[in-house]
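Single-letter residue listing:
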Amino acid sequence: MKALQYTAQGVASVEEVDVPEIADDEVLVAARSVGVCHSDIDLLEGRYIIPFSYPLIPGHEWSGEVVQVGPRVTGLSAGDRVVGECVIGDDHFGFSISGAAAEFFVAKPSWLHRLPDELSWTQGALVEPFSCGYYATLRADDLDAGDSVAVLGAGPIGLGVVAAAAAKGARVVVAEPAPARAALARELGAEAVLDPTAEGFTEEVARLTGGAGASVVFEASGRPEAMAAALEIAAFGARIVYIGIDVGGVVPARLGLLQSKQLQARGIIGSPGVWPRTLRFLARTGIDLTPLVTSSSPLTEADRAIAAVRADRTQVKVHLASSTTP
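Residue indices follow the written sequence of each chain, beginning from 1 at its first position. Per-residue local features of the predicted model are confined to residues with pLDDT of at least 70, and side-chain atom pairs are confined, for both listing and counting, to 80 or more; whole-chain, interface and lining totals are unaffected and use all residues. Side-chain measures here rest on the full set of heavy atoms in the structure, leaving out hydrogens and waters.

J.: Looking at this model, I keep getting lost on the overall build of the chain. Mind explaining?
T.: Looking only at helices and strands, the chain has 10 helices and 17 strands in total. Here the C-alpha radius of gyration of the chain, 20 Å, is about what a compact globule of 326 residues would show, namely 20 Å. Over its C-alpha atoms, taken along the principal directions, the chain stretches across nearly 60 × 40 × 35 Å. Here a residue-residue contact requires only that any non-hydrogen atoms of the pair lie within 4.5 Å. Of the contacts formed within the chain by residues at least 6 apart in sequence, a portion of 70% connects residues at least 24 apart. When the accessible surface of the chain is summed, it comes to about 14200 Å², and 51% of that surface belongs to carbon and sulfur atoms. What counts as a helix is a DSSP run of H or I of at least four residues, what counts as a strand is a run of E of at least two, and both are numbered from the N terminus. Here the globule rule is a power law, 2.2 Å times the number of residues to the power 0.38, and the radius of gyration is based on C-alpha atoms. Areas reported here follow the Shrake-Rupley algorithm with a probe of radius 1.4 Å; residue values treat only the protein chains shown as occluding.

Structure below.
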């Protein structure tokens, strides 16, 4: 079979490798669609939040079809459409253990969830990034239609927040300077999109929220400047959820606003424990996330996909598609 392999720092290629064998309590999955995330690029360049080693196969955003089950596996059968979580105990699928960027890969049933019939293979491969945005809305004390929401950053996670918050009825304002991503934010339910680098940005957020500021702020860019700005645009008593990842960045911030505005602020990582709920939410609301996929390549052209994620700022989500049949 073909697989994308990281063989050393900065070295990636599609190789011919053996189809993996499964243990009695495992399943073999045929990949159908696999997303390429910026964290996959970090991994290739030698950076990740937990230890890892080369060679490895990346791929943690995926949908696939079960093609073989071990004799001790119950509840899954060949032909089942599935998606899977990527944080499994101390292991990270596609990072510390090899992932889904291959024609076939091994998974444990405990990682897997059936893909609802309402969702396509492409939508299935978007469940992982969307689950992070959806989880953020839950961590904002279950926001609802009574909230005015500001989302800082319209990357894949921020756009997931926009879609989830809008589907819950909230009024959503987005801060995003890139025109293509701003257009996607509007398509997914944002009522307004502002350029956070423009003069008067904070005042414009206040105007759009009736002078009060946002009752919920999601920082999804990972930019230290945006992390500080979240405090400024928050309303009195607002909830702030930090999603974007930054390690080591330093900017001035008026931390006294946490006290004077009586703000609640929390940081989150990933989407623990909410995948079944996320899948039900997507199936029942009919949210169509496919506009996030701005480029798709066959697995054999994975190098092109990696180059697009690395260098093309117009890309939002790049997918590797497979037509492999069992």
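Still more to cover.
J.: For this particular structure, what's the right way to read the pairing of strand β3 (residues 27-36)?
T.: The rule is simple: take the accessible area with a 1.4 Å probe, protein chains only, and divide by the maximum for that residue type; under 20% is buried, over 50% is exposed, in between is partly exposed. Of all 10 residues that make up β3, 10 are buried, and the element is covered over most of its length. In this scheme, strands are said to pair when DSSP sees at least two bridges between them. In the sheet, β3 pairs with strand β4 (residues 61-69) via 8 bridges, with the strands oriented antiparallel. Bridge assignment links A30 to a residue of β4, and that residue is E65. Of the pairings in the sheet, the one linking β3 to strand β17 (residues 317-321) comprises 4 bridges and is antiparallel in character. Opposite G35, over in β17, you have H319 as the bridge partner.

J.: Could you clarify how one ought to interpret the nonpolar core in this entry?
T.: The nonpolar core is taken to be a set of buried Ala, Val, Leu, Ile, Met, Phe, Trp, Tyr and Cys residues, with the residues joined through side-chain atoms within 4.5 Å. F130, V149, V174 and F218 are the most contacted members of the largest nonpolar core, which has 45 residues in total. With near-sequence residues (within four places) excluded, V174 lies in contact with V151, A154, V162, A185, A190, A192, V193 and L194.

J.: Would you explain the sheet that holds strand β11 (residues 171-175) in this entry?
T.: The pairing of strands in a sheet comes from backbone hydrogen bonds and takes either a parallel or an antiparallel form. Strand order in the open sheet formed by 6 strands is β12-β11-β10-β13-β14-β15, and the pairing between neighbours is parallel. The outermost strands of the open sheet, each flanked by one partner alone, are β12 (192-194) and β15 (264-267). If you compare each strand with its neighbour and ignore which way they point, the axes differ by 20 degrees on average. Note: β11 against β12, 3 bridges, orientation parallel. The residue bridging A175 from the neighbouring strand is L194, located in β12. Note on geometry: axes are C-alpha line fits, over the in-contact stretch for helices, and angles between N-to-C directions span 0 to 180 degrees.

J.: Help me understand the packing of aromatic side chains in this model?
T.: When we look at a pair of aromatic rings, we describe it by the centre distance and by the angle of the planes. Geometry of aromatic contacts follows a simple scheme: Phe, Tyr and Trp rings, the Trp one being its six-membered ring, pair when their centres are within 6.5 Å, and the pair is stacked under 30 degrees between planes, edge-to-face over 60, tilted otherwise. Applying the stated criterion to the full structure yields 9 aromatic pairs. On the numbers, 6.1 Å between centres and 15 degrees between planes, the contact of F130 with Y134 is stacked. Taken together, the residues span about one helical turn, with F130 and Y134 both in helix α3 (residues 127-139) at a distance of 4 residues. Residue F130 is classed as buried on the basis of its relative accessible area of 2%. Y134 sits in the buried class, given a relative accessible area of 3%. Ring centres of Y134 and F281 lie 4.7 Å apart, and the angle between their planes is 35 degrees; on these two criteria the pair is classed as tilted. Remark: F281 occurs in helix α9 (residues 275-285) and Y134 occurs in helix α3; sequence separation between them is 147 residues. Here Y134 matches F281 in class, with each residue buried. A connected cluster of aromatic rings, assembled from ring pairs, spans W62, F93, F105 and W111. Its end group placed over the ring of W121, R32 keeps NZ or CZ at 5.9 Å from the ring centre. For a ring to carry a charge above it, either NZ of a lysine or CZ of an arginine must fall within 6 Å of the ring centroid while also lying within 35 degrees of the normal to the ring plane. Of note, R81 hangs over the ring of W121, and the distance from its end group to the ring centre comes to 4.7 Å.

J.: What's the story with the pairing of β17 in this structure? I'm lost.
T.: Successive residues of a regular strand alternate their side chains across the two faces of the sheet. For β17, the buried fraction is high: 4 of the 5 residues fall into the buried class. Across 5 bridges, the pairing between strand β16 (residues 293-298) and β17 is parallel. In the sheet register, S296 faces β17, and the bridge partner there is H319. A crossover connection joins β16 to the parallel β17 through helix α10 (residues 302-311); in handedness this β-α-β unit is right-handed. Handedness of a crossover: with both strands directed away from the viewer, a clockwise path from the first strand across the helix to the second marks it as right-handed.

J.: How should the packing of α3 against α9 be read in this particular structure?
T.: When two helices pack together, their arrangement is given by the angle between the helix axes and the distance between those axes. Following both chains from N to C, one finds α3 and α9 inclined at 100 degrees, their axes separated by 10 Å at the closest point. Considering the angle they form, α3 stands roughly perpendicular to α9. Along its contact with α3, which presents V127, E128, F130, S131, Y134 and L138, the element α9 presents W275, R277, T278, L279, F281 and L282. When the residues that make up the contact of α3 with α9 are grouped by side-chain class, the tally is 8 nonpolar, 2 polar and 2 charged. When an angle is under 35 degrees it counts as roughly parallel; over 145 it counts as roughly antiparallel; between 65 and 115 it counts as roughly perpendicular; any other value is oblique. Residues are grouped as follows: nonpolar covers Ala, Val, Leu, Ile, Met, Phe, Trp, Tyr, Cys and Pro; charged covers Asp, Glu, Lys and Arg; every other residue, Gly included, is treated as polar.

So far we have only geometry, and geometry alone does not tell us how the molecule works.
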